[in-house]
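So the chains spell out like this:
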Amino acid sequence: MPIRKDEMTPEEARRDHVDMLRFLAINAAFGIALGIGIAFALYWFNLYGLGTHIGRSQTPILSFVMIAAPLALTFGGAVTASAIMLMPYKRKGEL
């Protein structure tokens, strides 16, 4: 059975999927780093007294993680979702 021009071979499809997953993973990592950076900025600039509260806590690392983890997950999800919506994807045959 001959392969039509607009169909990809299994190897091309596998490579294409790996490229898409790499693209999404890079965007997710960027969003997570952005969320952790914002949490660090909240601490560093002592916005709303947050840095003082974390510094005076009995467990400052846990307090910082409890602020950074939800921000990292939220920003990671938001950046990944925007990457999916704006993904510059076309089939190899359409290029």
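The model shown is predicted, which means the values in this text are computed figures rather than measured ones.

1. Structural notes on the overall build of the protein
Regarding its fold elements, the protein presents 3 helices and 0 strands. Put simply, the protein runs from its N terminus to its C terminus through helices and strands in the order α-α-α. Counting across all 95 residues of the protein, residues that qualify as buried make up 15%. Within the protein, residue pairs in contact and separated by at least 24 positions form 73% of the contacts whose partners lie at least 6 positions apart. Counting every atom, the protein has about 7,400 Å² of accessible surface; 68% of that belongs to carbon and sulfur.

2. With respect to the confidence of the model for the protein
Mean pLDDT for the protein: 89, with 86% of residues reaching 70 or above. At the level of individual helices and strands, the protein shows its lowest average pLDDT in helix H1 (residues 10-44), which scores 94, and its highest in helix H3 (residues 60-85), which scores 97.

3. Observations concerning the packing of aromatic side chains
The description of an aromatic ring pair rests on the distance of the ring centres and on the angle between the ring planes. Overall, the coordinates contain 3 aromatic pairs when judged by the stated rule. Arranged with centres 5.8 Å apart and planes meeting at 25°, the rings of Phe-40 and Trp-44 form a pair that is stacked. With a gap of 4 residues between them, Phe-40 and Trp-44 both fall in helix H1, about one helical turn apart. A relative accessible area of 59% means that Trp-44 is categorised as exposed. Ring centres 6.3 Å apart and planes at 75° place the aromatic pair Tyr-43 and Phe-64 in the edge-to-face group. Residue Tyr-43 is located in helix H1, and its partner Phe-64 is located in helix H3; the two are separated by 21 residues in the primary sequence.

Conventions used here
Residues numbered from 1 in each chain as written. Predicted model: local features only at pLDDT ≥ 70, side-chain atom pairs only at ≥ 80, totals over all residues. Heavy atoms only, no water. Helix = DSSP H or I, 4+ residues; strand = E, 2+ residues; numbered from the N terminus. Buried < 20%, exposed > 50% of the residue type's maximum accessible area, 1.4 Å probe, protein only. Contact = heavy atoms within 4.5 Å. Areas by Shrake-Rupley, 256 points an atom, 1.4 Å probe, with all protein chains shown as cover. pLDDT = per-residue confidence, 0-100. Phe/Tyr/Trp six-rings, centres within 6.5 Å; stacked < 30°, edge-to-face > 60°.

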